[in-house]
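As a plain string of letters, each chain reads:
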Amino acid sequence: MSTPAELWLQHQTDVAELDGELIHAVVGLEVDKPATLTISRASANPERPQGLVLNSEEPLTIGDITTPRLVLWSDTALAEVSLAVPAGRITFSHAWRDADIVHAWTGWAGIVRHDDPDDPSHIRLTASDGHGSVTADLEVDIHLTTD
């Protein structure tokens, strides 16, 4: 059986289907107007620090930091973080550390997106870090609140 990373490369795409489930390399979120994004970490594999990578064309603001790219690491970030986001597209991907090396998009790594049919402002992301099969190594809830 091919891994998500092999399927992404083979099909030149950022989404692979495994056993009827879509496994994403990157998950995008379109924001219509400036908003507050709250990210709550539900769980993280304690064996390896897990990171949620956020990218935006325009800067994101968290506390006194303004940057278009940031990583919320499970061993350093608060369990719940709020940030100001501009209108536009924000992407989420997953990284993890083994010792001092950062990894992403290899082997069984990938993200499953769970949209809440009752609350379109809520998304749960379940990310696998590529060790073994697809597992829940990082789970976060994302809530978007427009200003």
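Treat the numbers as computed from the prediction; the structure is a model and nothing was measured. (Residues numbered from 1 in each chain as written. Predicted model: local features only at pLDDT ≥ 70, side-chain atom pairs only at ≥ 80, totals over all residues. Heavy atoms only, no water.)

Student: Could you clarify how one ought to interpret the environment of Arg-48 in this entry?
Tutor: Its place among the elements puts Arg-48 in the loop between strand S4 (35-44) and strand S5 (50-62). A C-alpha to C-alpha distance of 6.5 Å links Arg-48 and Trp-96, two positions 48 residues apart in sequence. Each residue touching Arg-48, except ones within four places of it in the same chain, is listed here: Trp-96, Arg-97, Asp-98, Asp-129, His-131 and Asp-137. Within the local environment of Arg-48, its side chain forms a polar contact with the side chain of His-131, the two groups lying 3.4 Å apart. (Helix = DSSP H or I, 4+ residues; strand = E, 2+ residues; numbered from the N terminus. Contact = heavy atoms within 4.5 Å. Polar contact = N/O pair within 3.5 Å; in protein donor to acceptor, adjacent residues only side chain to side chain.)

Student: When you look at the side chain of Ser-56 in this model, what are you seeing that I'm missing?
Tutor: Mapped onto the elements, Ser-56 comes out in strand S5. On the accessibility criterion, Ser-56 (12% relative accessible area) is buried. Looking at Ser-56, its side chain comes within polar contact range of the main-chain oxygen of Glu-58, at 2.7 Å. Residue contacts for Ser-56: discarding those within four places in its chain leaves Pro-68, Pro-86, Arg-89 and Ile-90. (Buried < 20%, exposed > 50% of the residue type's maximum accessible area, 1.4 Å probe, protein only.)

Student: Teacher, can you tell me more about the pairing of strand S10 (residues 108-115) here?
Tutor: Bridge count between S10 and strand S11 (residues 122-130): 8 bridges; the pairing is antiparallel. Among the inter-strand pairings, Gly-110 is bridged to a residue of S11, identified as Ser-128. Hairpin connection between S10 and S11: a loop of 6 residues separates the two successive antiparallel strands. (Pairing = 2+ DSSP bridges.)

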